[in-house]
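Each chain, letter by letter, is given below.
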Amino acid sequence: MTEQLSIGVVGPEILLLVMACVIAIVDLGVKSRLRNGTYLLTMLTLAAVAFYTGDMAASGETRYAFNRMVVTDPMGNWLKCFASIAMMVCLVYGRPYAGDRDMLRGGEMFTLAMFSLLGIFVMISGSNFLVIYLGLELLTLSSYALVALRRDNATATEAAMKYFVLGAMASGFLLYGLSMLYGATGSLDIGTVSKVIASGQVKQQVLVFGLVFIVAGLAFKLGAAPFHMWIPDVYQGAPTAVTLMIGSAPELAAFAICIRLLVEGMLPLAVDWQQMLVVLAVASLFIGNLAAIAQTNLKRMLAYSTIGQMGFVLLGLLAGVVNDSAAAAANAYSSAMFYIVTYVLTTLASFGVILLLAREGFESDEISDLAGLNQRSPLYAAIMAICLFSLAGIPPMVGFYAKLAVLQALVVSGNGFYIGLAVYAVLMSLVAAYYYLRVVKVMYFDAPITATTVAAPADVRIVLTINGALVLILGILPGGLMTLCADAIVKMLAS
């Protein structure tokens, strides 16, 4: 672990910032409806950033820069790499959809996507309260604009307003909590805050009060109940291409700041925030899965599904402080990281199929719109089925192994209460299987609403096929990704 004032530490962020500005300028002179040149430049930039961060992660180094305000470690770099790849996939799936709906006319979509990814990178790299908050605001402001990108669509505009109001409230919660921690500890540096809290020379009441606001803000960003109100409305109201951007890469950033703030910054307060995470996890699993059963809109159903899935991530986070074992903590946090990465992978493929069908002149966001999909396109029906099976936790999909890893982290603690939580999570997964399998039934057994076959551009078809195959392959052979997550978490904890 070294501290440097090296620009190389923030090289990926600088590259993203420069290229976002270049793309915004270049796009002014582009007249094409699909903006092929801008799209190609964006994809090349994202590919370069993914390679850059992947190479930094493979080095295994943890480095600080700018007076320890920024940290680059294997966990953060892998999350950045995965976020870059996720954003690339979002643009591949979303560009035909956006072009059909005239969302590329002004050229803002690619620039805003780059700035939102930059916000994700800053959040992941932050080792200082202010840096994390700046990254969070950059991400959320870009997301608000993306949701409102269809200016002439009342539903999208309404979703953007709801997102803005609730997002501002959640940011206020987080900022207020961080300011209270600063007032109590006298520092904005996460490492220093942890040391001051551990010294026991700070009033516990002030810390816990600030912690409540911080956990509330984090729960909103994760989409955990009871701070989930924005997710169903925004997922349903936003253009589907933007829904995918909001529901994929930003989840990786939310996980990262949970680790930075709770584990690295406030581990001495683990007894307090662990209890809060238990409540959030139980509520998310219950509300998300039960509410999803009643949905007829596919995007809204997947939104409630997301709430339930975040319950499992929270279970992984809270299992890391069941006992004082460093190995058990690393196992729990790595299982949560594996879960969030594989969830994003599955979300990309499932929304990719929805976007593909939506190009036929309608949104294809009702469950009934998938009727008879197997007869129209066996390949895309199979990809969607694989994703739904994975979200339900049915073997041999990767979602099964992800759930198993989190449950195993709870059970090995030997704590009866956490074993009970594992049983509860399994029961909620059985409830969730109903609404996932209902969609599979519609695709394979209902009569198709149209006889037309599903056509897709070559790049969408190739990426979507690879995406669906990975959901299956990583379920059969999860060892490589699980080892990568475990190694990243161990090195993060060691720093």
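Overview of the structure. Predicted model only: the values in this text are computed from it and were never measured. (Residues numbered from 1 in each chain as written. Predicted model: local features only at pLDDT ≥ 70, side-chain atom pairs only at ≥ 80, totals over all residues. Heavy atoms only, no water.)

The subject of this paragraph is the overall build of the protein chain. A count of helical and extended segments in the protein chain gives 20 helices and 3 strands. Taking 495 residues into account, the globule formula puts the C-alpha radius of gyration at 23 Å, and the protein chain, at 21 Å, falls close to it. When the backbone C-alpha atoms are referred to their principal axes, the protein chain occupies close to 70 × 55 × 40 Å. Counting over 495 residues, the protein chain shows a buried share of 61%. (Helix = DSSP H or I, 4+ residues; strand = E, 2+ residues; numbered from the N terminus. Rg over C-alpha atoms; globule rule 2.2 N^0.38 Å. Buried < 20%, exposed > 50% of the residue type's maximum accessible area, 1.4 Å probe, protein only.)

Side-chain pairing between opposite charges can occur once the charged atoms of the two side chains come close. A full pass over the atoms with the stated rule returns 10 salt bridges. Of the charged contacts in the structure, one is a salt bridge between Lys80 and Glu13, with a shortest N-O distance of 2.8 Å. Taken as a pair, Lys80 in helix 3 (residues 74-100) and Glu13 in helix 1 (residues 11-26) lie far apart in primary sequence, 67 residues in all. Glu13 gets classed as buried once you look at its relative accessible area, which sits at 9%. In this structure, the salt-bridge partner of Glu264 is Arg260, at a minimum N-O distance of 3.3 Å. Highlighted residues: Glu264 and Arg260, both in helix 11 (residues 249-265), separated by 4 residues, approximately one helical turn. Through salt bridges that share partners, Glu158, Lys162, Asp233 and Arg300 make up one connected network. (Salt bridge = Lys/Arg side-chain N within 4 Å of Asp/Glu carboxyl O.)

This part covers the nonpolar core. With 186 residues, the main nonpolar core has Phe255, Leu261, Met266, Trp273, Leu317 and Met337 as its most contacted residues. Here this core gets 22 residues from one element, more than from any other, and that element is helix 14 (residues 326-358). Residues in contact with Leu317, not counting those within four places in the same chain, are Phe255, Cys258, Ile259, Trp273, Leu277, Tyr333 and Ala336. (Core = buried A, V, L, I, M, F, W, Y, C linked by side-chain atoms within 4.5 Å. Contact = heavy atoms within 4.5 Å.)

To continue, consider the packing of aromatic side chains. Using the criterion set out here, one finds 14 aromatic pairs in the structure. On the basis of an interplanar angle of 5° and a centroid distance of 5.5 Å, the ring pair of Phe312 and Tyr339 is categorised as stacked. With Phe312 in helix 13 (residues 298-319) and Tyr339 in helix 14, the pair connects residues that are 27 residues apart, well separated along the chain. Like Tyr339, Phe312 is buried. Members of the aromatic cluster, connected to one another through ring pairs, are Tyr144, Tyr163, Phe164, Phe220 and Trp230. We note Lys403 situated over the ring of Phe312; from NZ or CZ to the ring centre the distance is 5.0 Å. (Phe/Tyr/Trp six-rings, centres within 6.5 Å; stacked < 30°, edge-to-face > 60°. Lys NZ or Arg CZ within 6 Å of the ring centre and 35° of its normal.)

Turning our attention to the packing of helix 3 against helix 10 (residues 240-247). Where helix 3 meets helix 10, the axes come as close as 9 Å, and the angle between the chain directions of the two elements is 170°. If you check the angle between helix 3 and helix 10, you find them roughly antiparallel. Residue-level inspection shows Met87, Cys90, Leu91, Tyr93, Gly94 and Tyr97 of helix 3 in contact with helix 10, the latter providing Thr240, Ala241, Leu244 and Met245. Class assignment of the residues belonging to the contact of helix 3 with helix 10 gives a composition of 8 nonpolar, 2 polar and no charged. (Axes fitted to C-alpha atoms, helices over the stretch in contact; angles between N-to-C directions. Parallel < 35°, antiparallel > 145°, perpendicular 65-115°, else oblique. Nonpolar A, V, L, I, M, F, W, Y, C, P; charged D, E, K, R; others polar.)

The next thing to look at is the environment of Leu46. Its place among the elements puts Leu46 in helix 2 (residues 36-59). For Leu46, a relative accessible area of 1% corresponds to the buried category. In this structure the C-alpha to C-alpha distance between Leu46 and Asp446, which are 400 residues apart in sequence, comes to 40 Å. Not counting residues up to four positions away in its chain, the partners in contact with Leu46 are Leu16, Ser84, Met87, Met88, Leu91, Met114 and Leu117.

The next point concerns the side chain of Ser125. One can find Ser125 in helix 4 (residues 108-125). On the accessibility criterion, Ser125 (3% relative accessible area) is buried. A distance of 2.9 Å separates polar atoms of two side chains, one belonging to Ser125 and the other to Glu13. Reaching out from Ser125, the side chain makes a polar contact with the side chain of Lys80 at a distance of 2.5 Å. In this structure Ser125 touches Glu13, Met69, Val70, Val71 and Lys80, once residues within four positions along its chain are discounted. (Polar contact = N/O pair within 3.5 Å; in protein donor to acceptor, adjacent residues only side chain to side chain.)

For the rest of this paragraph, the subject is the environment of Leu493. In this structure, Leu493 sits in helix 20 (residues 479-494). Leu493 gets classed as partly exposed once you look at its relative accessible area, which sits at 36%.

According to the stated counting rule, one finds 6 cavities of 30 Å³ or more in the structure shown. As for the largest cavity, its lining consists of 13 residues, and the residues nearest its centre are Leu139, Tyr163, Lys221, Trp230 and Pro250. When residues of the lining of the largest cavity are traced back to their parent elements, those giving at least two are helix 5 (129-147), helix 8 (204-222) and helix 11. In the lining of the largest cavity, the residues fall into 9 nonpolar, 2 polar and 2 charged. Volume-wise, the second largest cavity comes out at about 70 Å³. In terms of lining residues, the second largest cavity is bounded by 15 residues, among which Asn289, Gln309, Phe312, Lys403 and Ala432 are the most central. (1 Å grid on protein atoms, 1.4 Å probe; cavity = no way out; pocket = protein on both sides within 12 Å on 5 of 7 lines; lining within 4 Å. Points joined across faces, edges and corners; volume = space filled by probe spheres on them.)

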